[in-house]
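# A closer look at the structure
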Amino acid sequence: EAEAELISGYLPAEMGDDELAALVQDAVRASGASSPQDMGKVMKAVMPAIGGRADGRRVSEKVKEALSA
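Residues numbered from 1 in each chain as written. Predicted model: local features only at pLDDT ≥ 70, side-chain atom pairs only at ≥ 80, totals over all residues. Heavy atoms only, no water.

### Focus: the environment of Pro-36
Counted only if it meets this: Secondary structure elements follow DSSP: runs of H or I of four or more residues count as helices, runs of E of two or more count as strands, with numbering from the N terminus. The buried label applies to any residue whose accessible area, calculated with a 1.4 Å probe on protein chains only, is under 20% of its type's maximum; exposed applies above 50%, and partly exposed to all values in between. Contacts were defined at the residue level, with two residues in contact if any of their heavy atoms lie within 4.5 Å.
Here Pro-36 lies in the loop between helix H2 (17-31) and helix H3 (39-50). Residue Pro-36 is classed as partly exposed on the basis of its relative accessible area, which comes to 48%. For the pair Pro-36 and Asp-55, spaced 19 residues apart in sequence, the C-alpha separation works out to 20 Å. Those residues in contact with Pro-36, other than ones at most four positions away along the chain, are Leu-67 and Ser-68.

### Section: the packing of H2 against H3
Think of two packed helices as two axes; the pair is described by the angle between the axes and how far apart they sit. As a reminder of what qualifies: The axes used here are C-alpha line fits, helices contributing only the stretch in contact, and every angle between their N-to-C directions lies in the interval 0 to 180 degrees. Oblique is the label for every angle not falling under 35 degrees (roughly parallel), over 145 degrees (roughly antiparallel), or within 65 to 115 degrees (roughly perpendicular). By convention the crossing between two helices is left-handed if the near helix lies anticlockwise of the far one by an angle smaller than a right angle, and right-handed if it lies clockwise. All amino acids are sorted into three groups, where Ala, Val, Leu, Ile, Met, Phe, Trp, Tyr, Cys and Pro are nonpolar, Asp, Glu, Lys and Arg are charged, and the leftover types, Gly among them, are polar.
H3 packs onto H2 with a crossing angle of 135° between their chain directions and a minimal axis gap of 9 Å. Looking at the two axes, H2 sits oblique to H3. Handedness of the crossing formed by H2 with H3: right-handed. Of the residues in H3, those in contact with Leu-20, Leu-23, Val-24, Ala-27, Val-28 and Ser-31 of H2 are Lys-41, Val-42, Ala-45, Val-46, Ala-49 and Ile-50. Along the lines of polarity and charge, the residues of the contact of H2 with H3 split into 10 nonpolar, 1 polar and 1 charged.

### Regarding the side chain of Arg-58
Condition: We define a polar contact as two N or O atoms separated by no more than 3.5 Å, with the added condition that, inside protein, one atom must be a possible hydrogen donor and the other a possible acceptor, whereas residues neighbouring each other in sequence contribute only through side-chain atom pairs.
Inspection of the secondary structure assignment puts Arg-58 in helix H4 (residues 56-68). At 2.9 Å, the side chain of Arg-58 forms a polar contact with the side chain of Asp-17.

### Side note on H3
As a reminder of what qualifies: Here, expected helix span is obtained from the residue count minus one, scaled by 1.5 Å. Taking the helix axis as origin, the arc is that swept by the directions to the C-beta atoms.
An ideal rise of 1.5 Å per residue puts 16 Å on 12 residues; H3 measures up with 16 Å between its terminal C-alpha atoms. If you check which residues of H3 are buried, you get Met-39, Val-42, Met-43, Val-46 and Ile-50. Down the axis of H3, the smallest arc covering the buried residues is 95°, so these residues share one side. Opposite its buried face, H3 presents the exposed residues Lys-44 and Pro-48, each directed more than 90 degrees away. Directly after H3, the chain includes Gly-51, whose backbone phi takes a positive value near 60°.

### With respect to the pattern of salt bridges
Filter applied, for reference: Salt bridges are defined as contacts in which a side-chain nitrogen from Lys or Arg sits within 4 Å of a carboxyl oxygen from Asp or Glu.
Enumeration according to the criterion identifies 5 salt bridges in this entry. Among the salt bridges present, the one from Arg-58 reaches Glu-14, with a minimum N-O distance of 2.6 Å. Here Arg-58 is found in helix H4, whereas its partner Glu-14 is found in the loop between helix H1 (2-8) and H2, with 44 residues between them in sequence. For Asp-17, the salt bridge goes to Arg-58, with nearest N and O atoms at 2.9 Å. Here Arg-58 lies in helix H4 and Asp-17 lies in helix H2, a separation of 41 residues in the sequence. A relative accessible area of 45% means that Asp-17 is categorised as partly exposed. Ionic contacts of the salt-bridge type, sharing partners, join the residues Glu-14, Asp-17 and Arg-58 into one network.

Take it as geometry only, folks, not as evidence of what the structure does.
Right under this line is the structure:
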């Protein structure tokens, strides 16, 4: 437990849902994505902006939601 606590001090803070959703929406607009088939373009644009502050699976879910809406 002590090791986990020490390591967590060096990890970046987890990104909030609102901030993540905003980054995804910006990436959707910037890439011109309009359907779930464009998911790769959006992921390619958004992942560098995330900077390790959100799990890829979580980002993927947000992108799917944005492109399905």
